Amino acid sequence: MASWLGSLWGGSGASSLPYNISTDPLSPSTNKGSHGWAIHTATHKTNGEEATAFQASKAELAKTPLQQQRSQSFASASSGNLTQLVPALHHFHRIKRLIHPRILRAHATLDTDYPDDSKPSPGLDALDKVASTGNLIIVTEKAIPLDDWLDNLNPHTPQANAAAVSWGIYNIVEGLSFLHTQAKLAHGMICPDAVFVTPGGDFKLGGFDLVTPLGIADGGGGPTPHFRKYEASVCPADYRSLERTSGRYDTLQQSAPLHSIDCYSLAVLIEYIYTHPSAGTNGQVPVPLKKALLRMKNDSPKLRPRLPPLLKCPVFDNPYVKAQKFLDEVVSKPAEEKIIFLQSLPDILNRGVLTENVAIYKILPMLVMGLRASAGNEAAMSQDINRREVLAIVPLLFQIAESYLAKTPELFQKHVTPLVPLLFAVNDRGVRGSILQKISILETQLDKSALNSSVFEPMCSGFTDSSGPLRELTLKSTIVLVPKLNHANLEKLVRYLVRLQADPEASIRTNTVIFIGKVAPHLTETSRQKLILPAFTRSMKDPFTPCRLAALRAVIACKEYFSQKEVAEKVLPCVIPHTLDGANEVRAEAFNVVDTFLVNLREESKRIAKDEAERMSAATCGIGAEGSSGGATSAAPSSGSYLTGISSWMGSSTEPTASTSSASVAQRTTSSTSNGSLTKLSAPQPGPAAPKFSSLTLSDAQVGGSSKYNTADDSGGWSDDDDIVSPQNKSTGGGGWDDDDDAFVMSPVNKTKGDGDFFASFDSNKASNVGGGKAGSLKPGMKLKGKAKPTVTKLPASDLLDGWDDF
């Protein structure tokens, strides 16, 4: 009845179902063996679970006649033309009531003519009264027809195909045994059209168009009237036993075995499956089954054997069938057996005993269910048996993910991604270790956001765990995540690395410095400068030899992040002491580091020298150009103040050129004219450098030495040659010197006798008494002439020459 569906989902169309059904069918309703049902793909609207939808139009079913296959003698007894509608309605009502692992499970059904209880649907006893204007929809677990599955088998894996076929036949026998022994029903239409195969390789019974009890009181002592009326038209002739083809239903009376009609059909189906080219048996029925099949096709219904003993046939005794059986029964198995089986599954998968589809569609859902039941329950994890089960599940989960799901990211996202936060939430070192060993799988399958939030953040607790092996495993596992970490997590990682450098475990300290060398390219410039050099320096001082060796190698690996100045001032001073390290390999690596950096430093030194030479050359060219355009000398400043001279000297360089020095000396030693007059000194051109004091001797300044201009009574240490005054002042008192004069001529090295202070001569009291203070220091008749050179600009008459203007 479809009334319960209306109350659950409501509506009168396919949209009222909790499934999205594709528009285009995988198999149209007109295909041979479809019995009027089109097959569509479907997905659950909430969780995206895949399913298969069977859809049929009742109007089309009512117009499609069934092909009569019964014998000519019995055909005359048939009543009118038969259509596909009633058998389809019979199947529609039966499939949702029969629930067994070997029967195709219906998730939802809908008759659009009867969507709710307001209009009840007629039952099995009144199928001919059902409205025929709407649609029939059955949503089942994902499955495909048997013929399609056989055609899709890989012909290059005959052994695996034969094992899969044997398991399928095992399923059919189990399904029929359930119908016969518990439901007390005969299927009545065992043929390829009634068998469907799930992605996990399980065979499921469908096609319940003729399901009937046997021995009912219908006046004939045999099957129901519906069976008698439609079985000849619905079931293929090859799968009908002799009593059915001849219409002798009296033989199927109450004392006849219930399994008799299905036993015969099953024998024919087994022969059909094994003769398929891809069944893996070269088109032959296995020898152990041949004798059993002959008994199953016996002409006498009473002599046909029961089906359950057939499962003991050696053809079903293979690892594939055993593994599949345990998978189906694992929920009801004792916990210890379950754990042992889970621990053996990785080897079974590696040996290829179970196929990829079995791993994805049967084992994986079982693992997910187990993890959600145990790992998500803190109380359950406190029990050792549950903890051991989770420890057996996690490696198997990641093995399947790595081997099979890596090729199908959609399946990984569906099955594994939701489990990642759950797994990291488990407070168990064994579980965490199993996850960290497979962290590379998560890195390739999860996006950047999920890795930062669901993986890195919870795994950071491993950096501070009290277990050394877990800290080290956490460190090693993190390296694959570094390229996808965001800035905040990278900074967080740097802090953990600094902490791990002081870890008590030597191997962790060593791996930390190796890690830093590998993570450096992904850090920002600021973080890199703060981390790598101090970290390497710290590790070079580690007492553990491999740690020092790793630090030196990391320095080489990160050499591009050090400037040459840092290499010279910071890196090499830390490395060089290790050239005398106690460990030979450390010394060798230290020399390698030094040699590598020295090559770069030599190149840098050559570059600096080249740049310096270019700058000097450019400066020299600039000076030469200035001298040629400005003349030989420059005019003296207009101010004659000695303070101005001091200021000029203090602001100039103390490193003169050779030409400037010699020119200055020559000006001071110029001889007088023939009549005894002194030549007027020209003001030298201010140069870029000051005269060199050490190049001037006392004789150059005529201090304390004999001169033809000196008089016997001149004891002031200054000769008249030095007192160069203007013609206006030659007749003034005091020998041409006046205390009010603003300037006087003085050699840079002149000193008063007994005065060791070079600048003491600039005292105003002494300056007014230069030359002994004698008014007659100039002899009568001596004239002072200012014979200027053509290139020298004369000073105004009111100014005195000041020797300090040379600067």
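For the structure itself, look to the data block above.
Below or above, wherever it landed, is the structure these notes cover. (Residues numbered from 1 in each chain as written. Predicted model: local features only at pLDDT ≥ 70, side-chain atom pairs only at ≥ 80, totals over all residues. Heavy atoms only, no water.)

### Observations regarding the pattern of salt bridges
Heads up, the rule is: One speaks of a salt bridge when a side-chain nitrogen belonging to Lys or Arg is within 4 Å of a carboxyl oxygen belonging to Asp or Glu. Under the scheme used here, helices are H or I runs from DSSP no shorter than 4 residues and strands are E runs no shorter than 2 residues, and both carry numbers assigned from the N terminus. Three exposure classes are used, based on accessible area relative to the maximum for each residue type with a 1.4 Å probe and protein chains only: buried under 20%, partly exposed in between, and exposed over 50%.
Scanning the entire structure with this criterion turns up 32 salt bridges. For E60, the salt bridge is made with K63, and the minimal N-O distance between the two is 3.6 Å. In this pair, E60 and K63 are both assigned in helix α2 (residues 58-63), 3 residues apart and thus about one turn of the helix distant. Judged by its relative accessible area of 45%, E60 is partly exposed. In this structure, R244 engages E231 in a salt bridge whose closest nitrogen and oxygen atoms are separated by 2.9 Å. Residue R244 is found in helix α8 (residues 242-245), and its partner E231 is found in helix α7 (residues 225-234); the two are separated by 13 residues along the sequence. Residue R244 shares its accessibility class with E231, and that shared class is buried. Salt bridges linked by common partners bring R102, E174, D202, D328 and K362 together as one network.

### Looking at unusual backbone geometry
In this model, H35 sits at a positive phi of 55°, which is unusual for a non-glycine residue. Its place among the elements puts H35 in the loop between β1 (19-21) and β2 (38-44). According to the relative accessible area criterion, H35 is buried, its value standing at 19%. Positive phi is not limited to glycine here, since N282 has a value of about 60°. With respect to the element layout, N282 can be found in the loop between α9 (260-274) and α10 (287-296).

### Comments concerning the sheet that holds strand β4 (residues 106-111)
The following threshold applies: At least two DSSP bridges between two strands are required for those strands to pair. For helices, the fitted axis covers only the stretch in contact; all axes are lines through C-alpha atoms, and the angles between them, taken along N-to-C directions, range from 0 to 180 degrees.
Pairing in this open sheet of 5 strands is antiparallel, and the strands run β1-β2-β3-β5-β4 from one edge to the other. Either end of the sheet is taken by a strand with one partner, and the two such strands are β1 and β4. When strand polarity is set aside, the average angle formed by the axes of neighbouring strands in this sheet is 25°. As judged from the 6 bridges shared by β2 and strand β3 (residues 50-57), these two strands associate in the antiparallel manner. Of the residues in β3, the one forming a bridge with A38 is Q55.

### Notes on the environment of Y561
This is how it is decided: Only heavy atoms enter the contact rule, under which two residues are in contact if any of them lie within 4.5 Å.
Relative to the helices and strands, Y561 resides in the loop between α25 (545-557) and α26 (564-575). Between the alpha carbons of Y561 and Q529 there is a distance of 8.3 Å; along the sequence they are 32 residues apart. If sequence neighbours within four positions are ignored, Y561 has contacts with A520, P521, R528, Q529, I532 and E566.

### Digging into the sheet that holds strand β6 (residues 144-145)
An order of β6-β7-β8 is seen for the 3 strands of this open sheet, with the pairing classed as antiparallel. Only two strands of the sheet have a single neighbouring strand rather than two, namely β6 and β8 (203-205). Here 3 bridges tie strand β7 (residues 195-197) to β8, and the two strands are oriented antiparallel to one another. Within β8, the residue paired with V195 across the bridge is L205.

### A short note on the packing of aromatic side chains
Filter applied, for reference: Only centres within 6.5 Å qualify two rings of Phe, Tyr or Trp (six-membered ring in Trp) as a pair; their planes then separate them into stacked at under 30 degrees, edge-to-face at over 60, and tilted for everything else.
Tallied over the entire structure, the rule returns 7 aromatic pairs. Each ring, one from F54 and one from F196, has its centre 5.4 Å from the other, and the planes form 80°; the classification is edge-to-face. Taken together, the residues F54 in strand β3 and F196 in strand β7 connect sequence positions 142 residues apart. Given a relative accessible area of 9%, F196 falls into the buried group. Consider the rings of F463 and Y496, whose centres lie 5.0 Å apart with planes at 25°: the pair is stacked. In this pair, F463 is assigned in the loop between α20 (448-459) and α21 (468-478) and Y496 in helix α22 (residues 487-500), connecting sequence segments 33 residues apart. Exposure class is identical for F463 and Y496. Each is buried. Site record: aromatic cluster; members linked through ring pairs are W167, Y170 and F316.

### Looking at the nonpolar core
Just so we agree on the cut-off: Each nonpolar core is a collection of buried residues, namely Ala, Val, Leu, Ile, Met, Phe, Trp, Tyr and Cys, held together in the definition by side-chain atoms within 4.5 Å.
In this structure, L354, I363, V455, F536 and F562 are the most contacted members of the largest nonpolar core, which totals 184 residues. The element contributing the most residues to this core is helix α6 (residues 158-183), with 11 residues. Sequence-distant contacts of F562, that is, excluding residues within four places in its chain, are made with I532, L533, F536, V555, V567, V571 and F597. Counting 9 residues, the second largest nonpolar core, distinct from the first, contains Y19, A42, A53 and V139.

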